[in-house]
Amino acid sequence: MSEANAITVDVVSDVVCPWCFIGQKRLDKAIAAAGDVEVHIRWRPFQLDPTIPPQGKDRHGYMLAKFGSDERIREIHARIEPLGEAEGISFAFDAIKVAPNTLDAHRLIRWAGAAGEDVQNRLVRRLFQLNFEEGANIGDHTVLVEAAREAGMDAAIVETLLPSDADVEAVRTEIATASRMGITGVPCFLLEDKYAVMGAQDADRLADAIRQVAAAKARGELEKAG
């Protein structure tokens, strides 16, 4: 397939964002629907709450402080669950006991990117599953090492790197860059570094955006715009 019919989609997301999990599923459908456009995905970091301590917080208490009542929390979950179900996601919000700090998860995603696009995609999907469907604490290094192993990474290297400061500042810089670009919510899909699609849009809209940007790139219009 020619490079002219290939585009890159940078997905700015946080692995504790349910809308990002829904967005990932819809992006998969959009890529399948986009015909012969070759789509390369890169996952970029964003933190919904960087103030959570490294050890995480009790999720129920955290949600109560954020939303004010159990009733409001139930309403939010009830709105998201059927949307997830439509995408094949079995949200198990009650199983999530810890609200994690996701900085280490994002470091791991960054390393997975260096190992290859497929590895990074597998890892991100697994982290979403672990958090939202299995209630695992994705701030826990043991959980992250096992997820890395399942994604095809060298778990021994990951186990060595996680307790260090490796790429902490690089990830924080990327998050700050997203903020400077005006990204205040996720998911955000950046197509060819030129066009942004905000939020967990339906697959048809994403597919349409992918086709339009691929066509513009094939005509050489993106280079002119740049």
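Residues numbered from 1 in each chain as written. Predicted model: local features only at pLDDT ≥ 70, side-chain atom pairs only at ≥ 80, totals over all residues. Heavy atoms only, no water.

Caption draft 1: Spotlight on the overall build of the protein chain. In terms of helices and strands, the protein chain carries 10 helices and six strands. Computed over the C-alpha atoms, the radius of gyration of the protein chain is 18 Å, within 12% of the 17 Å expected from 2.2 N^0.38 for a compact globule of 226 residues. In the protein chain, which comprises 226 residues, the proportion classed as buried is 47%. Accessible surface, the protein chain as shown: approximately 10900 Å² in total, 50% of it carbon and sulfur. (Helix = DSSP H or I, 4+ residues; strand = E, 2+ residues; numbered from the N terminus. Rg over C-alpha atoms; globule rule 2.2 N^0.38 Å. Buried < 20%, exposed > 50% of the residue type's maximum accessible area, 1.4 Å probe, protein only. Areas by Shrake-Rupley, 256 points an atom, 1.4 Å probe, with all protein chains shown as cover.)

Caption draft 2: A look at the sheet that holds strand β1 (residues 6-13). Judged by pairing direction, the sheet is mixed, and its four strands sit side by side in the order β2-β1-β5-β6 without closing on themselves. Edge positions in the sheet fall to β2 (38-45) and β6 (195-198), since each of these pairs with one other strand and no more. With direction set aside, neighbouring strand axes in the sheet form an average angle of 25°. In this sheet, β2 lies alongside β1 in parallel orientation, the contact comprising eight bridges. Looking at the pairing, Val 12 lines up with Arg 44 of β2. With respect to the sheet, helix α1 (residues 18-33) is in contact with β1, β2 and β5 (188-191), its orientation differing from that of β2 by roughly 165°. Contacts from helix α5 (residues 117-132) reach β1 and β2, with the element oriented near 55° to β2. (Pairing = 2+ DSSP bridges. Axes fitted to C-alpha atoms, helices over the stretch in contact; angles between N-to-C directions. Contact = heavy atoms within 4.5 Å.)

Caption draft 3: Helix α2 (residues 59-67), seen in detail. Burial in α2 covers these residues: Arg 59, Tyr 62 and Met 63. Along the long axis of α2, the arc covered by the buried residues comes to 95°, so they all point the same way. (Arc of directions from axis to C-beta.)

Caption draft 4: Geometry of helix α9 (residues 203-218). Its 16 residues give α9 an end-to-end C-alpha distance of 22 Å, which sits within 8% of 22 Å, the value for a rise of 1.5 Å per residue. Along α9, the residues that are buried comprise Ala 203, Leu 206, Ala 207, Ala 209, Ile 210, Val 213, Ala 214, Ala 216 and Lys 217. If you check the start of α9, you find a side-chain oxygen 3.2 Å away from the backbone N of Asp 204, and it comes from Asp 202. Positive backbone phi, approximately 80°, marks Gly 220, located one or two places after α9. (Expected span 1.5 Å × (residues − 1). Polar contact = N/O pair within 3.5 Å; in protein donor to acceptor, adjacent residues only side chain to side chain.)

Caption draft 5: View of the packing of aromatic side chains. This model, assessed by the stated rule, comprises seven aromatic pairs. Judged by centre distance (4.9 Å) and plane angle (10°), the ring pair of Phe 91 and Phe 93 falls under stacked. For Phe 93, a relative accessible area of 4% gives the class buried. For the pair Phe 93 and Phe 132, a centre-to-centre distance of 6.2 Å together with 80° between the ring planes defines the contact as edge-to-face. (Phe/Tyr/Trp six-rings, centres within 6.5 Å; stacked < 30°, edge-to-face > 60°.)

Caption draft 6: Main features of unusual backbone geometry. Looking along the chain, the bond that leaves Val 186 and enters Pro 187 is cis, with omega of 5°. Relative to the assigned elements, Pro 187 resides in the loop between α8 (168-180) and β5. Positive phi is not limited to glycine here, since Glu 192 has a value of about 55°. Relative to the assigned elements, Glu 192 resides in the loop between β5 and β6. By relative accessible area, Glu 192 is classed as buried at 18%. With a phi angle near 60°, Asp 193 is a residue other than glycine that sits in the positive phi range. Mapping Asp 193 onto the fold places it in the loop between β5 and β6. Its relative accessible area of 59% is what places Asp 193 among the exposed residues.

Caption draft 7: Region of the structure containing the pattern of salt bridges. Applying the stated rule across the entire model yields 16 salt bridges. For Asp 10, the salt bridge is made with Arg 42, and the minimal N-O distance between the two is 2.8 Å. Separated by 32 residues along the polypeptide, Asp 10 in strand β1 and Arg 42 in strand β2 bring together distant segments of the chain. Residue Asp 10 is classed as buried on the basis of its relative accessible area of 2%. Here Glu 87 and Arg 26 are joined by a salt bridge, their closest N and O atoms 3.2 Å apart. Here the residue Glu 87 occupies a position in the loop between α3 (70-86) and β4 (98-99), and Arg 26 occupies one in helix α1, the gap between them amounting to 61 residues. Look at the salt bridges and you will find they share partners, linking Asp 10, Arg 42, Arg 44, Arg 110, Asp 167 and Glu 174 into a network. (Salt bridge = Lys/Arg side-chain N within 4 Å of Asp/Glu carboxyl O.)

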